Every structure is written in C-alpha cells, then in structure tokens.
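Report on the structure
Chain by chain, the residues:
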Amino acid sequence: MAPTGLPPRTKLVAELGAAKLLRDPIYFGNMMVHSGDAEGLIAGLTHSYPETIRPALQIIGLAEGARRVAGMYLMLHKRGLLFFADTTVNLDTDAEGLADIAEMVADAAKNTFDVHPRVALLSYSNFGSARGETQHKVAAATRLLTQRRPDLEVEGDMQANVALDYNLQKHGYPFTRLEGPANVLIFPNLEAGNVAYKLIRELGGVPAVGPVLLGMAKPISVLEHDCSVDAIVHMAALTVV
C-alpha cells in the first residue's frame, strides 16, 4: 500500500514500486499473512536468508513487547529437545541483547514446546575462570536475565561440556542454579551458534529443525537451501504450532 498524503507523482512511484515488490513471492506471501489471508509463511528454499527475512521484518514486524528477533534451532537429541540460539539473525550483540535472546528461547521452550527450560549462557570460561571480553559479556547477560526473570533456571558463563554434564557441574561448581543438564544453550555470538549446530548435525547425526524465528508478530519460518522434504514438513508443523 502506498503512503497517503504524498504528491501525485511521488504516490504513483510508490505504488509502482509496491506493485513490483509484490511480484516477488516472498513479499506477496508476507502481505498475505499481514492481511489475514494466511496465518503463517514458510519460505527461503530458493532465496538467501537476508532476502527471506528482510521482507518479514518490513511487513510483519516484531511481536508486541519483543525487543528483537532471534533464530533458534531445535536439536532432536536422544536425551531430549535442545534449543540453540542465536544461530541465524544477530551477528553479535551486547549483554542486554544476549539476555533478551535467552529469555525468548526459554519462554518458547516452556510455552510452545512444553519443556522446562534450563538455560546456560555459554563461553570458553566457567564462571570467570578465564577472563576476556566475551566472558565478561556472557557473565553480564546472565546477571541481567537472573534479575529480570528470577523464575528461570539460568546459569553462566559456562563451557558447553559443563552445561550439559550435570554430574560434572555439581561436582566442580556446586553453587550452580541449574537443577539438571542445560537444555537451552545460548551462544555468545551467531558464529559460535551456527558452527555448533551444524557440527552436531553432521558429526553427531542429530536432526536439526529450524531456524525458528522468535520475536515476530506472526509465524514466519525460513528454510535452508539444502533442506530435505522431511525438514520442510517439520518446519510446516512448527509454523502451525
């Protein structure tokens, strides 16, 4: 829809630009969701990730109360569902952004997938055992989230093996606030999260479903270029949920 109150020539250019954009199936699909003609969108098989997510951000926008969008992967591990974030959206963020992402994923685990979240904010350090910029950011994010959401089981900064091995965690760090192995793993940046889920998927044979976009006003799912038919079916089911 062209903006109102524009000079006739400018309005015409805007309308022509909008009509051109709507020939793109990604924009058209998002407009269907925005207009209520569809309840969700699954796209990305033949488009790059930025080409898929940008129209959704422009047209659908953030959910009420959401501070940002984040990409979450569900790892279908034999020990149960594991939630990885951020894997696809925020290249790097500050401590507050990391806390926002962790909070969104924890709420999604609980409210959408009926999993009690135990949140670990990951680093190369265990509770300040090695100092550095990343460690400082992760520790600060942990403090922020703990203050904001005392109802959540949150701990960090932690190395991945300590987060997942509860016996090791209780033996080495008996003060941990987690009451079991972490199932929500929050990575310090997108690079770490993206590498981690792909390594586990390829070397561990663990099915990965996602990315699930959190923070959007309506359900938008982005497919990977090389995804299988099974993956598309999984993403369709998630979008319905």
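Throughout what follows, the structure given in this document is the object of discussion.

Cut-offs used in this document
Residues numbered from 1 in each chain as written. Predicted model: local features only at pLDDT ≥ 70, side-chain atom pairs only at ≥ 80, totals over all residues. Heavy atoms only, no water. Phe/Tyr/Trp six-rings, centres within 6.5 Å; stacked < 30°, edge-to-face > 60°. Helix = DSSP H or I, 4+ residues; strand = E, 2+ residues; numbered from the N terminus. Buried < 20%, exposed > 50% of the residue type's maximum accessible area, 1.4 Å probe, protein only. Core = buried A, V, L, I, M, F, W, Y, C linked by side-chain atoms within 4.5 Å. Contact = heavy atoms within 4.5 Å. Salt bridge = Lys/Arg side-chain N within 4 Å of Asp/Glu carboxyl O.

1. Quick notes on the packing of aromatic side chains
For the coordinates displayed, the defined rule picks out 6 aromatic pairs. With a centroid separation of 5.7 Å and an interplanar angle of 50°, the aromatic rings of Phe-83 and Phe-113 are classed as tilted. Of this pair, Phe-83 sits in strand β3 (residues 80-85) while Phe-113 sits in the loop between α4 (95-111) and β4 (118-122), and the two are 30 residues apart along the sequence. Neither residue differs from the other here; Phe-83 and Phe-113 are each classed as buried. One aromatic cluster is present, built from ring pairs that chain together Phe-127, Tyr-173 and Phe-175.

2. Notes on the nonpolar core
Counting 34 residues, the largest nonpolar core has Met-72, Leu-74, Phe-83, Val-105, Val-119, Leu-121 and Ile-186 as its most contacted members. Sorting the residues of this core by element identifies β2 (70-77), β3, α4, β4, α5 (133-148), β6 (184-186), β7 (208-214) and α9 (229-240) as the ones contributing at least two each. For this core, the element with the highest residue contribution is α4, accounting for 10 residues. Residues within four places of Ile-186 in sequence aside, it is in contact with Ala-85, Leu-98, Ala-102, Val-105, Val-119, Ala-120, Leu-121 and Leu-122. With 17 residues, the next largest nonpolar core counts Tyr-73, Phe-84, Leu-185 and Tyr-197 among its residues.

3. Let's talk about the pattern of salt bridges
In a structure, side chains of opposite charge can pair up when their charged atoms sit close to one another. Under the definition given, this model contains 12 salt bridges. Between Arg-68 and Asp-100 there is a salt bridge, with its nearest N and O atoms 3.2 Å apart. Taken together, the residues span a long stretch of sequence, with Arg-68 in the loop between α3 (49-59) and β2 and Asp-100 in helix α4 at a distance of 32 residues. Accessibility expressed as a relative area gives 4% for Asp-100, which makes it buried. One salt bridge in this structure joins Arg-148 and Glu-103, with 2.8 Å as the shortest N-O distance. One end of the pair, Arg-148, is in helix α5; the other, Glu-103, is in helix α4, and 45 residues separate them in sequence. Judged by its relative accessible area of 28%, Arg-148 is partly exposed. Through salt bridges that share partners, Arg-67, Arg-68, Asp-100, Glu-103, Asp-107, Arg-148, Arg-149 and Asp-151 make up one connected network.

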